[in-house]
Amino acid sequence: MVQDQLREPVRIPDTLPVLPLRDMVVYPFIIAPLSIARASSIRAVDRALASNRMVLLATQRERDEDNPTAADLYEVGTVAVIMRMLKLPDDRIRVLVQGVCRARLNTLEDGGSFFEGKVEPLIEAVSDDDADQPIECEALMRTVKKALERGVNLGKNLPSEVQVIANNLEDPGRLADLVASNLELDASQAQDVLEMVEPMERLRVVAGQLKRELDLLSMQHEIDSLARDEIDRSQREYYLRQQMKAIRNELGEGSELEEEVEEIRDKLAERDLPEAVVEEIERELKRLERMHPDAAEAATIRNHLEWLVELPWDVDTEDNLELKPAQTILDEDHYGLDPVKERIIEYLAVRKLKEAHRGPILCFVGPPGVGKTSLGRSIARAMGRNFVRVSLGGVRDEAEIRGHRRTYIGSMPGRIIQSVRQSGSRNPVMMLDEVDKLGNDFRGDPQAALLEVLDPEQNFSFRDHYLGVPFDLSRVMFIATANLMDTIHPAFRDRMETIRLPGYTEEEKLEIARRHLIPKQLEENALHAGKVRFSEGAIRELINRYTREAGLRNMERRFAAIARKVARRVAEGRRVPTRISASSLETYLGPPPPQAEETLEGAMVGVATGLAWTAAGGDVLFIEALRMGGKGRLTLTGQLGDVMKESGQAALSWARSRASSLGLRDEDFDNSDIHVHVPEGAIPKDGPSAGITIASTLVSVLTNRAVRRNVAMTGEITLRGRVLPIGGVKEKVLAARRAGATRVILPKANEKDLRDLPKPALRDLEFSFAEMMEDVLAVALEPALEVASR
């Protein structure tokens, strides 16, 4: 802003267009440019240019107010003359105005398209005290002029003509306005100066503001000088270090340790590491520089520094947030497993909508061979992240997770930090494999150490004992795998989102074999895809008779065995069959391995088909009973657990309490011993879900009624004959279907679990739901027939 003289007195009209200003105050005799975009203000300028070129410049109390009223404007403003106007291409205008005098805005009227106001010019009043003290006035003016000159010397950015005009001014009011217009005052402070009519009072206030500005400039100058000195000192140190290095090299005394330190410093300069890490590295470097290169502790410090520098503190991989390509990758790598795929796509959808989102902590639980580990790799590929696997099976030492303290010889970080370094980024997909097989002993509990790793409220500052500084694990996507949840600590289990992966159905195995397993084995054994083909019957025969399992590993081994035998024929130049059929499987694999009994050949007395859940998926459980003369004793064999034995006692007690309704007498119990046996006695068995199967077997042998051969059942029984719900419904139903059953009896409370079953199982099986044991017997037992017990 520049001050200039008006050549002649100007008459101020009573009514003028009002131009509201944001964060700006224009003083009398000051020339200032204004940029105007508000439509009403543009019309006010047009009105002024059409008449006497005068407007009242009034500052807004709040800069963000787009439609100000009289209450939103300060009462005192400046009457200004529009000297020049320029229209811009974006409908804005720029005007050059010069202040004329202070004026009070008495009323503000809305003229429809712009504001007009009645103004009253304010005449500067000189107090008698100021008139009697010309020496004080002159001294204050000299002080202000000297301060203005000092400000320029300290770097205050002022137009050159401002200082010239200030030195020639003799009016204290005009000098105060000129200085105030060139100070960095906020709108309220500038308005206070504008509202001061008395010149000496205004000059005193401006002198104080100018002194504060000089103090700030002086402090800034000192800070700049210190910064320059620090830079000069750093450059001097660098120069001296280079000289010392050159001298040592000339003398043949080059230090390998110094080269390592310089290399670490160079890496540190290239990286954007957290402040705590930089401080730790600098502290360790200073210790290393003071040591002899052959000192024992020097090697320890070197290793520690190497880990600190090499960790990906600031390295991220960009997530692939496009949902359809991610879904395509997941479908390419794995057939089925829809719940897991859906959960990953949901996570990517949330990440697409919200940038700062913590990664999920998932736990895949299922039998061996269902694809838990390979699914983790597929998830990483779909998300565009690095994948790293941490095998935790058999780990018993807490230091394997948190790292060893550096006081020990051979200490190193824990597996978590090692895996992060191996991945090369701080946001990998990290698979914690076999977490259910973690142990604990006198060296600590690794599961307890993992609580911090898997807690989103804590893992942003995970502190490894070896590193000694916190590392942010909140960006890592953790995926744990387990075969059983029973061995996992409840607090550990609570931190993970469990997704169960049951065994595959026959149709799913058939499709997976066609899409993945057969092409993979043919490629690994150097066989062209068109040279050997497997018929659908051969694949189904291999699934049902050679590989009765929940997963896929044995089936893949069988395909590999066939491919190797075909490859041998090719290498020997013998004729190679182009099609593998069901009848030719024995040629390559030999006779099918002996399987446990499937469904019974016919309805039998005292034999019922139960369903069991195992770590390898569901399985059928045949329960046999024999009745013989005796004293009413019940014998349970087959390496049964306590819970299963108690289920047998409860089933017998219920049968005795319902003897009359079952057509039995008390003598039938008192004069007979019953032996209940569960085959495959080498395998431990336990759990309450065999209760209704044992009860059906007992009633069958006591009433001489056969159990239907095509019925499999599972459910817990109470003393009053109620059928309670059980778990593992999906695995058990799939086992019943594999065994050839056509009807499954389930507790009524488990009816809701049918929605998790695959469509082929729902199509091939009939379901009966029981609330009481009588409901089970009505479905499971044949009518009373003379069928001999075998």
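Throughout, a residue's number is its position along its own chain's written sequence, starting from 1. Only residues with pLDDT of 70 or above have their local features reported here, since the model is predicted, and side-chain atom pairs are shown and tallied only from 80 upward, although totals for entire chains, interfaces and linings are computed over all residues. Where side-chain values are given, they derive from all heavy atoms of the structure, hydrogens and water being excluded.

1. Some thoughts on the pairing of strand β24 (residues 743-747)
What counts, and what does not: Only protein chains enter the accessibility calculation, which uses a 1.4 Å probe. A residue is then buried if its area is under 20% of the maximum for its type, exposed if over 50%, and partly exposed in between. Elements are defined by DSSP. Helices are runs of H or I of four residues or more, strands are runs of E of two residues or more, and each kind is numbered from the N terminus. Strands pair, by our definition, only if DSSP identifies at least two bridges between them. A right-handed crossover is one whose linking path, passing over the helix from the first strand to the second, runs clockwise when the strands point away from the viewer.
Among the 5 residues of β24, 4 are classified as buried, and the element is accordingly described as predominantly covered. Pairing geometry for strand β21 (residues 711-713) and β24, over 3 bridges, is parallel. Note on β24: the bridge partner recorded for Val711 is Arg743. Sheet topology note: the β24/strand β25 (residues 766-770) ladder contains 5 bridges and is parallel. Note that in β25 the partner of Pro747 across the bridge is Ala770. Since β24 and β25 lie parallel, the crossover through helix α26 (residues 759-764) that links them has a hand, and here it is right-handed.

2. Structural notes on the pairing of strand β8 (residues 361-365)
Most of β8 is tucked away: 5 of the 5 residues are buried. As defined by bridge partners, β8 adjoins strand β13 (residues 477-482) across 5 bridges and the pair is classed as parallel. Each residue of the ladder has a partner; that of Ile361, found in β13, is Phe478.

3. Here we look at helix α15 (residues 415-423)
Going by this rule: The directions from the helix axis to the C-beta atoms form the arc being described.
Among the residues making up α15, those that are buried are Ile416, Ile417, Ser419, Val420 and Ser423. One side of α15 carries all its buried residues, which in axial view fall inside an arc of 160°. Positive phi shows up at Gly424, right after α15, with a value of about 85°.

4. Some details on the confidence of the model for the chain
When pLDDT is low, close inspection of the predicted coordinates is not appropriate. Quick note on the threshold: Known as pLDDT, the predictor's confidence for each residue is given on a scale from 0 to 100. Whether two residues touch is decided by their heavy atoms; if any such pair falls within 4.5 Å, the residues are in contact.
Per-residue confidence for the chain averages 83 on the pLDDT scale, and 92% of its residues sit at or above 70. Confidence drops under pLDDT 50 across residues 4-8; counting only partners more than four residues distant or on other chains, this segment forms 10 contacts. With pLDDT under 50 throughout, residues 786-790 is counted as low confidence; its partners more than four residues away or in other chains account for 7 contacts.

5. Description of the packing of helix α9 (residues 275-289) against helix α10 (residues 296-310)
The cut-off we apply is this: Fitting a line to C-alpha atoms yields each axis, with helices limited to the stretch in contact; the angle taken between N-to-C directions then spans 0 to 180 degrees. What sets the label is the angle itself: under 35 degrees gives roughly parallel, over 145 gives roughly antiparallel, 65 to 115 gives roughly perpendicular, and the rest give oblique. In this scheme the crossing of two helices becomes right-handed for a clockwise turn of the near helix relative to the far one and left-handed for an anticlockwise turn of less than a right angle. By the convention adopted, Pro, Cys, Tyr, Trp, Phe, Met, Ile, Leu, Val and Ala count as nonpolar, Lys, Arg, Asp and Glu as charged, and the other residues, Gly among them, as polar.
α10 packs onto α9 with a crossing angle of 155° between their chain directions and a minimal axis gap of 10 Å. Considered as vectors, α9 and α10 are oriented roughly antiparallel to each other. As for how α9 packs across α10, the hand of that crossing is left-handed. Across from Glu280, Ile281, Glu284, Leu285, Arg287 and Leu288 in α9, the residues of α10 making contact are Glu297, Ala298, Ile301, Arg302, His304, Leu305, Leu308 and Val309. Grouping the amino acids of the contact of α9 with α10 by side-chain chemistry returns 8 nonpolar, 1 polar and 5 charged.

6. Regarding the environment of Glu646
Following the sequence through the fold, Glu646 ends up in helix α22 (residues 642-657). In this structure, the C-alpha to C-alpha distance between Glu646 and Ala749, residues 103 residues apart in sequence, is 22 Å.

7. Side note on the pattern of salt bridges
The condition is simple: Here, a salt bridge means any side-chain nitrogen of Lys or Arg that lies within 4 Å of a carboxyl oxygen of Asp or Glu.
Evaluated as defined, the whole model comprises 48 salt bridges. As a salt-bridge pair, Arg426 and Asp316 come within 2.8 Å of each other at their nearest N and O atoms. Taken together, the residues span a long stretch of sequence, with Arg426 in the loop between α15 and β10 (429-433) and Asp316 in the loop between α10 and α11 (323-333) at a distance of 110 residues. Judged by its relative accessible area of 35%, Asp316 falls in the partly exposed class. For Asp673, the salt bridge goes to Arg633, with nearest N and O atoms at 3.1 Å. Linking Asp673 in strand β20 (residues 672-677) with Arg633 in the loop between β18 (617-629) and β19 (634-637), this pair joins segments that are 40 residues apart in sequence.

8. Topic: the sheet that holds β8
In spatial order, the strands read β9-β10-β13-β8-β14; together these 5 strands make up an open sheet with parallel pairing. The open sheet terminates on both sides in strands that have one partner only, identified here as β9 (387-391) and β14 (497-500). Averaged over all neighbouring strand pairs, the angle between strand axes comes to 25°, with direction disregarded. Alignment of β10 against β13, held across 4 bridges, turns out to be parallel. Each bridged residue has a counterpart across the sheet, and for Met430 the counterpart in β13 is Phe478. On the sheet, helix α12 (residues 338-353) packs against β8, β13 and β14 and is oriented at approximately 145° with respect to β14. Relative to the sheet, helix α13 (residues 372-383) contacts β8, β9, β10 and β13, its axis offset from that of β10 by approximately 175°.

9. Regarding the packing of helix α18 (residues 506-524) against helix α19 (residues 536-546)
Their axes nearest at 10 Å, the elements α18 and α19 cross at an angle of 115°. One way to sum up the angle between α18 and α19 is to call them roughly perpendicular. In terms of crossing hand, the pair formed by α18 and α19 is right-handed. Of the residues in α19, those in contact with Glu506, Glu507, Lys509, Leu510, Ala513, Arg514 and Ile518 of α18 are Glu536, Ile539, Arg540, Ile543 and Asn544. Tallied by class, residues from the contact of α18 with α19 come to 5 nonpolar, 1 polar and 6 charged.

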